[in-house]
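Each chain, written out:
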Amino acid sequence: MRSTSPAPTAPAFATEIADTVSALNAARSAWRTRQPSRGSVARFPSPSGLARVVEHLSAALFPARLGGFRGDVAREDDFVAEQLGSALTLLREEVASELDYWQAESDQLFEPDQPDAITRLFAATLADIRALVDADVEAAFVGDPAARSADEILISYPGALAILHHRIAHQLHTLGAVIVARVISELANARTGIDIHPGATIGPSFFIDHGTGVVIGETAIIGQGVRLYQHVTLGARSPLGLAPTGPRTRHARHPIVEDDVTIYAGATILGRVTIGRGSVIGGNVWLLDDVPPESVVAQPEAIRLAPAARAALSERLAEHGA
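A brief look at the structure comes next. Since we're looking at a predicted model, the values are computed, not measured. (Residues numbered from 1 in each chain as written. Predicted model: local features only at pLDDT ≥ 70, side-chain atom pairs only at ≥ 80, totals over all residues. Heavy atoms only, no water.)

Turning to the overall build of the protein, a few remarks are in order. When helices and strands are counted, the protein shows 10 helices and 14 strands. Here the C-alpha radius of gyration of the protein, 26 Å, is well above what a compact globule of 322 residues would show, namely 20 Å. The principal-axis extent of the C-alpha atoms belonging to the protein is close to 95 × 65 × 55 Å. Put simply, the protein has 322 residues, and 37% of those count as buried. (Helix = DSSP H or I, 4+ residues; strand = E, 2+ residues; numbered from the N terminus. Rg over C-alpha atoms; globule rule 2.2 N^0.38 Å. Buried < 20%, exposed > 50% of the residue type's maximum accessible area, 1.4 Å probe, protein only.)

Next up, the structure:
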């Protein structure tokens, strides 16, 4: 008796897949129609690839604490060289992908060795990045009595992770790899909730305590020894497209925070204002104007309600089901 094979069956959700493919094709076509000057994207920086770059760079910068190196000290430089080799090779490819993307926007061809030049120039900044992050970690250790060691800060504090990413991203942004830099900053944002634009200029000994919800805009300038707490915003006063078109508002949209300033949780500082050296900005303060050096800016203290006022408030809340 001849055996018969079961009849082939259609893939699961075949109709839905075909319909969705068609709908997505239409959506892509509509987008491309609205972007007539945009060339096809053959290559683009990869978030997963840049995550590997940062992993290798972190290991090269901090072999034992972030790289897991446990060998003899004589082998440490070899380990660093291996990590740098992997990091720079991967970085060069991501920078090349970005330049391919921008080439469609340029009237002139980029130099063939431009990805290599950017990567080499970036490599030359790594010792400076290490020194800056060391100063940031030391500032955190001095500023946080809960910290038991500087090592604990580097490997576990969200502020340390965010500033390490920023120190790397800022150098790449300065060298012209702006999308690569932005992706690296967003990798830290996704893990910590701390959003630092890679264009922001931040001095040494910078400490973000707790950190969730901190936002630092592209043209912010932060001096030495500055401390921020969670939910601080150093932002622009209006969206760029709605702002006046003068150079100051276009290219200097975010605050200047001078040396040794402390800004407590929830403060919002908008526009190109200057917070003077040594000032303290209290929690939940809203600032649109300059603050002189050595100032203390705070909201009025909360008041304690007298019994009659407390009862009246309770009645009003009860009326609304609170």
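Moving on, there is more to tell.
By convention here, two paired aromatic rings are described through the distance between centres and the angle between planes. Under the counting rule described, the total for this entry stands at four aromatic pairs. Pairing Tyr-229 with Tyr-264 gives two aromatic rings, centres 4.8 Å apart and planes at 15 degrees, and the pair type is stacked. Of the two residues, Tyr-229 is situated in the loop between strand S6 (227–228) and strand S7 (233–235) and Tyr-264 in the loop between strand S9 (262–263) and strand S10 (268–270); the sequence distance between them amounts to 35 residues. Put simply, the rings of Phe-44, Tyr-101 and Trp-102 touch in pairs and so form one group of aromatic residues. (Phe/Tyr/Trp six-rings, centres within 6.5 Å; stacked < 30°, edge-to-face > 60°.)

Let us now look at the pattern of salt bridges. Within the structure shown, the criterion is met by 13 salt bridges. Ionic pairing is found between Arg-167 and Asp-136, a salt bridge with its closest N-O pair at 2.9 Å. Of this pair, Arg-167 sits in helix H7 (residues 158–174) while Asp-136 sits in helix H5 (residues 126–143), and the two are 31 residues apart along the sequence. For the pair shown, Arg-167 and Asp-136 are each scored as buried. Salt bridges sharing partners connect three or more residues here, namely Arg-43, Arg-92, Glu-93, Asp-100 and Asp-116. (Salt bridge = Lys/Arg side-chain N within 4 Å of Asp/Glu carboxyl O.)

Take the nonpolar core next. In this structure, Leu-50, Leu-91, Phe-122, Ile-168, Leu-172 and Ile-184 are the most contacted members of the largest nonpolar core, which totals 34 residues. Breaking this core down by element, the ones donating at least two residues are helix H2 (47–61), helix H3 (76–103), helix H4 (114–123), H5, helix H6 (150–156), H7 and helix H8 (178–192). Here this core takes six residues from H8, the largest share from any one element. (Core = buried A, V, L, I, M, F, W, Y, C linked by side-chain atoms within 4.5 Å.)

For the pair H2 and H3, the least separation of the axes is 8 Å and the interaxial angle reads 155 degrees. One way to sum up the angle between H2 and H3 is to call them roughly antiparallel. Of the two elements, H2 crosses H3, and the hand of that crossing is left-handed. Touching Gly-49, Leu-50, Arg-52, Val-53, His-56, Leu-57, Ala-59 and Ala-60 of H2 are Phe-79, Val-80, Gln-83, Leu-84, Ser-86, Ala-87, Leu-90, Leu-91 and Glu-94, all from H3. A per-class count over the contact of H2 with H3 returns 11 nonpolar, four polar and two charged. (Axes fitted to C-alpha atoms, helices over the stretch in contact; angles between N-to-C directions. Parallel < 35°, antiparallel > 145°, perpendicular 65-115°, else oblique. Left-handed = near helix turned anticlockwise from the far one by under 90°. Contact = heavy atoms within 4.5 Å. Nonpolar A, V, L, I, M, F, W, Y, C, P; charged D, E, K, R; others polar.)

What follows is about the environment of Thr-274. Take Thr-274: it is sitting in strand S11 (residues 274–275). By relative accessible area, Thr-274 is classed as partly exposed at 22%. Excluding residues within four positions of it along the chain, Thr-274 makes contact with Ile-256, Glu-258, Asp-290 and Val-291.

In this section: H8. The terminal C-alpha atoms of H8 lie 21 Å apart, and with 15 residues this matches the ideal 21 Å at 1.5 Å per residue to within 8%. Every buried residue of H8 is accounted for by Ile-179, Val-180, Ala-181, Val-183, Ile-184, Ser-185, Leu-187, Ala-188, Asn-189 and Thr-192. Among the structural elements, H2, H3, H7 and strand S1 (195–196) are those in contact with the buried residues of H8. (Expected span 1.5 Å × (residues − 1).)

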